[in-house]
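# Coordinate inspection notes
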Amino acid sequence: MFYYLLKYVLLGPLLRLVFRPRTEGLEHVPASGAAIVAGNHLSFSDHFLMPAILKRRITFLAKAEYFTGPGVKGRLTAFFFRNAGQIPVDRSGKDAGQAAIREGLGVLRKGELLGIYPEGTRSHDGRLYKGKVGVAVMALKAGVPVVPCAMIGTFEAQPPGKVIPNVHRVVIRFGKPLDFSRYAGMEDEKTVLRAVTDEIMYAILTLSEQEYVDRYAAVVKAEEAAAQGVKERRFPRAPLS
């Protein structure tokens, strides 16, 4: 109930006013039955814009930090995500990926739409990064199509670190569903999982027209943060006078 209250009354109209989203290829999203919608991830706003324009309910696997943040802001965020039907996933530890796959398969077994960002984290610079193979595992195990999706303009509307979005037009573009039934029963083959994931990422890239980086976003972020830390230690900022 709260999901539809957000979609049609509390949040949906505001999102349409601020972002004026234009949709392309919405007919490619199945009207019924289980499917995965796999998209690029440029902004915190992505979590809300796609559900706002889809006719069907979609459930995203959300990082557990959204449900455990401190203070009033943390409690409000947790309340919002929990009541919007999003599923917390702990991304730490060696079993994190398996936990996410189990939760995602549970959504698909109910015949619902599952939203996932194969990059695993938001892009910090607007580029598209290498996808993780969890999306391929779920697609093959559940035997469902994957609909590629590109969010265009959300990085400019709400880049990392910006709390209040800019008023900016966005485009949400869906591609034709990808059928991987030819790989049925091969979800344990690493080369197959990589090939399926790369095909999904190529479809997203074609829709988004982003620059592609064949490395994991989390790794690049960590390297850049470490390099920045070294730079600041070597060249400390001058004290304010």
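Everything here concerns the structure above.
The structure presented is a predicted model; accordingly, all values stated were derived computationally and were not measured.

So, on to the side chain of Glu187. Tracing the sequence through the fold places Glu187 in the loop between strand E8 (171–174) and helix H9 (190–208). One polar contact links the side chain of Glu187 to the main-chain amide nitrogen of Gly185, over a distance of 3.5 Å. Here Glu187 is in contact with Val137, Leu140, Lys141 and Leu193, once residues within four sequence places are set aside.

Taking strand neighbours across the sheet as the criterion, the seven strands line up as E1-E8-E7-E2-E5-E3-E4 in an open arrangement whose pairing is mixed. Unpaired on one side and paired on the other, strand E1 (22–24) and strand E4 (87–89) mark the two borders of the sheet. Averaged over all neighbouring strand pairs, the angle between strand axes comes to 25°, with direction disregarded. As paired elements, strand E2 (residues 35–39) and strand E7 (residues 146–152) share four bridges and run parallel to each other. Bridge pairing in E7 places Ala38 opposite Pro148. In the packing of helix H7 (residues 134–142) onto the sheet, contacts are made with E2, strand E3 (58–63), strand E5 (113–116) and E7, and the angle to E2 comes to roughly 165°.

Between helix H2 (residues 12–19) and helix H3 (residues 46–53), whose axes approach to 10 Å, the crossing angle comes to 105°. Viewed along their axes, H2 and H3 adopt a mutual orientation that is roughly perpendicular. Contact with H2, carried on its side by Leu15, Arg16 and Phe19, involves Phe48, Leu49, Ala52 and Ile53 of H3 and no other residues of that element. A per-class count over the contact of H2 with H3 returns six nonpolar, no polar and one charged.

The end-to-end C-alpha separation of H9 is 27 Å, in line with the 27 Å expected for 19 residues at 1.5 Å each. For H9, the full list of buried residues reads Val192, Leu193, Arg194, Val196, Thr197, Ile200, Met201, Ala203, Ile204, Leu207 and Ser208. Of the surrounding elements, those touching the buried residues of H9 are E2, strand E6 (128–129), H7, E7 and E8. Count one or two residues on from H9 and you reach Glu209, which has phi positive near 60°.

Here we take up the packing of aromatic side chains. Counted under the stated rule, the structure contains two aromatic pairs. When the ring of Phe44 is compared with that of Phe48, the centres are 5.2 Å apart and the planes differ by 75°; the resulting orientation is edge-to-face. What makes Phe44 partly exposed here is its relative accessible area of 23%. Overall, Phe48 belongs to the buried group, its relative accessible area being 16%. Between Phe60 and Tyr117, the ring centres sit 5.3 Å apart and the planes meet at 20°, which makes this aromatic pair stacked. Of this pair, Phe60 sits in strand E3 while Tyr117 is found in the loop between E5 and E6, placing the two residues 57 residues apart along the sequence. Each of the two residues, Phe60 as well as Tyr117, counts as buried.

By the burial criterion, the buried members of H7 are Val135, Ala136, Val137, Met138, Ala139 and Leu140. Following H7 by one or two positions, Gly143 adopts a phi angle in the positive range, close to 65°.

A few words on unusual backbone geometry. Of note in this structure, Arg20 is not a glycine but carries a positive phi near 45°. With respect to the element layout, Arg20 can be found in the loop between H2 and E1. Classification of Arg20 as partly exposed rests on a relative accessible area of 42%. The phi dihedral of Glu209 falls on the positive side, at around 60°, and the residue is not glycine. The topology assignment puts Glu209 in the loop between H9 and strand E9 (212–213).

The rules behind each value
Residues numbered from 1 in each chain as written. Predicted model: local features only at pLDDT ≥ 70, side-chain atom pairs only at ≥ 80, totals over all residues. Heavy atoms only, no water. Helix = DSSP H or I, 4+ residues; strand = E, 2+ residues; numbered from the N terminus. Polar contact = N/O pair within 3.5 Å; in protein donor to acceptor, adjacent residues only side chain to side chain. Contact = heavy atoms within 4.5 Å. Pairing = 2+ DSSP bridges. Axes fitted to C-alpha atoms, helices over the stretch in contact; angles between N-to-C directions. Parallel < 35°, antiparallel > 145°, perpendicular 65-115°, else oblique. Nonpolar A, V, L, I, M, F, W, Y, C, P; charged D, E, K, R; others polar. Expected span 1.5 Å × (residues − 1). Buried < 20%, exposed > 50% of the residue type's maximum accessible area, 1.4 Å probe, protein only. Phe/Tyr/Trp six-rings, centres within 6.5 Å; stacked < 30°, edge-to-face > 60°.

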